[in-house]
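Structure at a glance
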Amino acid sequence: MPIMEQGYQHWSGRLSGHSWRWLAITRHGVRIQLRNRFLRYVLFAAWTPALLLVGMLSIWGLLERKSNLVATFVEFMRFMNPNVIADPRYYRVEIWRLSYGYFMHVELFFSMILILLVGPGLISQDLRVNALPLYFSRPLRRVDYFLGKLGVISFFLGMVTILPTLIAYLFGLLFSLNLHVAVQTFGILVGTLLYGLIICLSAGTLMLALSALSRNSRYVALFWLGLWFVSSVISSVLAGVHHEEIRHAYFYNRPPAQIGAANPQGVATEPGDRMTSGLPQDGMANARQYWRNFQLQRLRDSQTDWRPMVSYTANLLRIGAHLLGTNQAWEKLAKLEPDTWRRERLLTRYAGPRYPWYWSAAVLAGLFGLSLCVLKWSIRSLDRLK
Amino acid sequence: MSGPDVPVLFELAGVTKTYGSVTALDNLSIRVPPGATGLLGPNGSGKTTMIRTLLGLIRPDKGGGTVFGMDILRRQLDIRRQIGFSPEDECLFPGVQGIEFVAYAGELVGMPSTDAMQRAHEVLDYAGLGEVRYRKVESYSSGMKQRLKLAAAIVHDPKLLILDEPTNGMDPAGREDMLRLACDLANNKGMSVLFSSHLLPDVEAVCGHIVVLAGGRLLVQGGIRELKQAHAGSFELRLKSEDEDFARRISGLGCDVQIRGDMLLVKIPPGQTAALLWRQAAEANYQIRHLRPQRSTLEEVFLKAVEQT
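Every value quoted in this text rests on a predicted model; they were computed, and no experiment measured them.

Calculation rules
- Residues numbered from 1 in each chain as written.
- Chains lettered and ligands numbered in written order.
- Predicted model: local features only at pLDDT ≥ 70, side-chain atom pairs only at ≥ 80, totals over all residues.
- Helix = DSSP H or I, 4+ residues; strand = E, 2+ residues; numbered from the N terminus.
- Buried ≥ 20, exposed ≤ 12 C-beta atoms within 10 Å, placed from the backbone.
- Contact = placed C-beta atoms within 7 Å.
- Core = buried A, V, L, I, M, F, W, Y, C linked by C-beta atoms within 7 Å.
- Pairing = 2+ DSSP bridges.
- Axes fitted to C-alpha atoms, helices over the stretch in contact; angles between N-to-C directions.

What follows deals with the overall build of chain B. In terms of regular secondary structure, chain B is built from 11 helices and 14 strands. Judged by the C-alpha coordinates and their principal axes, chain B covers about 75 × 45 × 35 Å. Across the 309 residues in chain B, those meeting the buried criterion constitute 43%. Long-range contacts, defined as pairs at least 24 residues apart, comprise 68% of the intrachain contacts of chain B with a sequence gap of at least 6.

What follows covers the nonpolar core. Counting 147 residues, the largest nonpolar core has Val 102, Ala 151, Ala 182, Val 193, Phe 195 and Val 206 of chain B as the members making the most contacts within it. Per element, the largest residue contribution to this core is 11 residues, and it comes from helix H6 (residues 92–118) of chain A. Those residues within four positions of Val 206 of chain B in sequence are excluded, and the remaining contacts are Ala 36, Leu 179, Ala 182, Cys 183, Ala 186, Val 193 and Phe 195 of chain B. Membership of the second largest hydrophobic core comes to 10 residues, among which are Phe 235, Leu 237, Phe 246 and Ile 268 of chain B.

Within a regular beta strand, the side chains point alternately toward one face of the sheet and then the other, so they alternate between its two faces. Residue and element names in this part refer to chain B. One ladder, built from five bridges, connects strand E1 (residues 10–19) with strand E4 (residues 62–67); its direction is antiparallel. Among the inter-strand pairings, Leu 12 is bridged to a residue of E4, identified as Gly 65. In this structure, the hairpin formed by E4 and strand E5 (residues 70–71) is closed by a connection of two residues, where Phe 68 is found at a positive phi of approximately 50°.

Looking now at the sheet that holds strand E8 (residues 192–196) of chain B. Residue and element names in this part refer to chain B. With mixed pairing, the six strands of this open sheet are ordered in space as E6-E7-E8-E3-E9-E10. Edge strands, defined here as strands with exactly one partner in the open sheet, are strand E6 (83–86) and strand E10 (217–223). Between one strand axis and the next, the sheet turns through 15° on average, direction left out of account. Bridge count between strand E9 (residues 209–214) and E10: six bridges; the pairing is antiparallel. The residue bridging Ile 210 from the neighbouring strand is Gly 222, located in E10. Helix-sheet contacts for helix H1 (residues 47–54) involve strand E3 (36–40), strand E7 (160–164), E8 and E9, and the interaxial angle to E7 is about 155°. Of the strands in this sheet, E6 and E7 are in contact with helix H5 (residues 142–154), which crosses E6 at around 165°.

As for its position among the elements, Asn 216 of chain A is in the loop between helix H11 (179–211) and helix H12 (217–252). When the C-alpha positions of Asn 216 of chain A and Arg 128 of chain A are compared, they lie 7.4 Å apart, and in sequence the two are 88 residues distant.

To continue, consider the environment of Asp 71 of chain B. All names here are of chain B. Checked against the element boundaries, Asp 71 lands in strand E5. With 141 residues separating them along the chain, Asp 71 and Val 212 place their C-alpha atoms 23 Å apart. In contact with Asp 71, other than residues within four places in its own chain, are Gly 64 and Thr 66.

Encoded structure:
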């Protein structure tokens, strides 16, 4: 018994309104999650790409101003086409798009890990210890509960996507010292923020739905890993099989003479075309041309290939590519290549999937709707018999 | 307790709620005054459904009601701001210390976080959990968890405290503490208490008013003192010495006598008074140690009410 026991005292403070009540759940959830040391390490690691993004945009700003400070860095940018380095302003938007694109690509990976660490217990633990009556007997609606839990995931994802995006953008502007940059790149900022929000909303809701399906958070974590890795593996296998089908159709189902007939002009051979090594010598030159056509065919085929959509993260990446305009950026950079073949090869290698973005949007919307249904079904109101 | 001038804590009018073929509340109409009210009823009588209806967690099929004058169908969130509820089941916020548990409960109601934390310390001291406030709630005993739920329910200083089976799973000392707290809140702190329990002595220790439900209907309602009315012509009698001879003696005079332990329950013939017993004791040289009019126990009131169904 405390020495200064005062007994029960009345409280005369004011209660806040209902609108932001979900924030209490988010605040509490974040506080609890931040006690996880491993989570703090991952969060810290996830900020490393942000430093690179800030560095890249800052360097590009200095490069545009032809500052001597970046002379050293230019040496490290030899992997870029010299024309891009020579006229950095003309390629500013493309470099920003691709920088943000790569950044978000890496952060998507970290986001998946963060969700794996934060999300599984959010609802499943409440189900296990029967916490829902404690929530719903207070002035909270179910939607407040969901928003609060989603807020916990969104906080951590926002910390590695939205916050670095804003900081990097400010640094990019500061180092370019040109207001025109803001006008040109504002769309990229909006696109990146929107992409970050979509990741939060889609992945967050999906994780909450999984978390609501089990009282054991380990099972939920396994579900998530399955959704992430297994869907990616299946997608890759399907894509690989499809690729082999096309390759067979091009190389192995036709005699060399026919390959030559299909391309009577012939072109200069390209050293290092690995796929032609198994073909007969007499058909080699034409086969190489055929290989190029094959690459073109792949590029065309990628515009209708649905196989990447099997992977959950690929769908997010496709939406990201659309919002950030990375494919357009690659197309512009590809124009610097001397011939069509090289242009197409660059696009095949570096540009992401080219099927319509709204296919992925439909998949994500479907998953979102399904998640909401699961949440509604699993987290029932107390309007029921015990 | 139904006059229009009597202050009303909550009121339900013709509330019916069914779940499939089960009728949880059957045209229930009730007016409860401020103060401590015991909610009694056998299993499945509709106590929990009634509590959830008051909290606005249930939408009745028919009927309506008010709590603090606020409509339960339209102002559920406002009602819940003014109610503290300690559920029957074991339920916790996972992975937190006792102090965080209570502070979080306050924040969920809308308290500013600093106020919630300060107040959490106060109510944990009050509930006798001050020494264990920094322990993880999962490590609390059943009794401590019940007191923790009570602390979480009163952290925002509600006008009405609903305790659903608050002494479940508690040892006698813990139960005593819980009843003392509930009593103090109801009698000294001006908080209305709705005390739902199967344990009639617990209800009697805390409440001055009871509501008995069965089959979703109201059986009995009123002040415990009034319900435990004196039985006309019935007395509890205890003698210093052996009482069987005395029992036979007064039975011969037309009294109905039952021996309950060391007590005689005597129903005297119509027209007679307690003077008959005094006279007989004096004549037979018996010393009366205890004589008072017989009153129903709460258990008898409850059983009688339930038997009516």
